[in-house]
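As a plain string of letters, each chain reads:
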Amino acid sequence: MSFRTPLSTARGLGSAKHGVGHWLSERVAAVALIPLVIWGAFAVIRLAALDYYGAVSWISEPVNATLMILTIAISFMHMQSGVRVIVEDYVYTHLGKAACLLANLFISGLAGALAIFSILKVALGGA
């Protein structure tokens, strides 16, 4: 027994087979962000009491630098994925959709890379 209408059967259109992967990656990123954001909130509270040199020494610790980079990377990946869904749902012209998706990818990638580079520069160089 098929739940497809005769028109749907005639067109042959069905699932693109990619929806589950996108949905799952968004959920995994969201779950990963829960402990990272909680850690980040406590880190911000702790950093508020430190001066510049204290903050540099704090980010120079390997665990703190690693968790900060993970937080930034997963946050930008999650943001890019969410904006992609919004663009795919609400931008109707093909050229506009392609332009928005490319802009989303490049802006998210560039901003994330700059943030990670900044963390690495401070953590490894100390300045």
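This text goes with the structure placed above it.
These figures come from a predicted structure and were not determined experimentally.

K.L.:
Please set out the packing of aromatic side chains residue by residue, giving values where relevant.
P.N.:
Evaluated as defined, the whole model comprises 2 aromatic pairs. Taking 5.8 Å as the distance between ring centres and 20° as the angle between the ring planes, the aromatic pair formed by Trp-39 and Trp-58 counts as stacked. In this pair, Trp-39 sits in helix 2 (residues 19-48) while Trp-58 sits in helix 3 (residues 52-59), placing the two residues 19 residues apart along the sequence. By relative accessible area, which is 5% here, Trp-58 ends up buried. Between Tyr-52 and Tyr-53, the ring centres sit 5.2 Å apart and the planes meet at 80°, which makes this aromatic pair edge-to-face. Summarising the burial analysis for this pair, Tyr-52 and Tyr-53 share the class exposed.

K.L.:
Account for helix 2, with residues named and values stated.
P.N.:
When the terminal C-alpha atoms of helix 2 are compared, their 42 Å separation across 30 residues agrees well with the 44 Å that a helix rising 1.5 Å per residue should span. Ile-34 marks the point of greatest bend in helix 2, at about 30°, and the proline Pro-35 comes within the next four residues. Where helix 2 is concerned, the buried positions are Glu-26, Ala-29, Leu-33, Leu-36, Trp-39, Gly-40 and Ala-43. In this structure, the buried side of helix 2 is in contact with helix 3 and helix 4 (62-90).

Calculation criteria
- Residues numbered from 1 in each chain as written.
- Predicted model: local features only at pLDDT ≥ 70, side-chain atom pairs only at ≥ 80, totals over all residues.
- Heavy atoms only, no water.
- Phe/Tyr/Trp six-rings, centres within 6.5 Å; stacked < 30°, edge-to-face > 60°.
- Helix = DSSP H or I, 4+ residues; strand = E, 2+ residues; numbered from the N terminus.
- Buried < 20%, exposed > 50% of the residue type's maximum accessible area, 1.4 Å probe, protein only.
- Expected span 1.5 Å × (residues − 1).
- Bend = angle between axes of the 7 residues up to and from the residue.
- Contact = heavy atoms within 4.5 Å.

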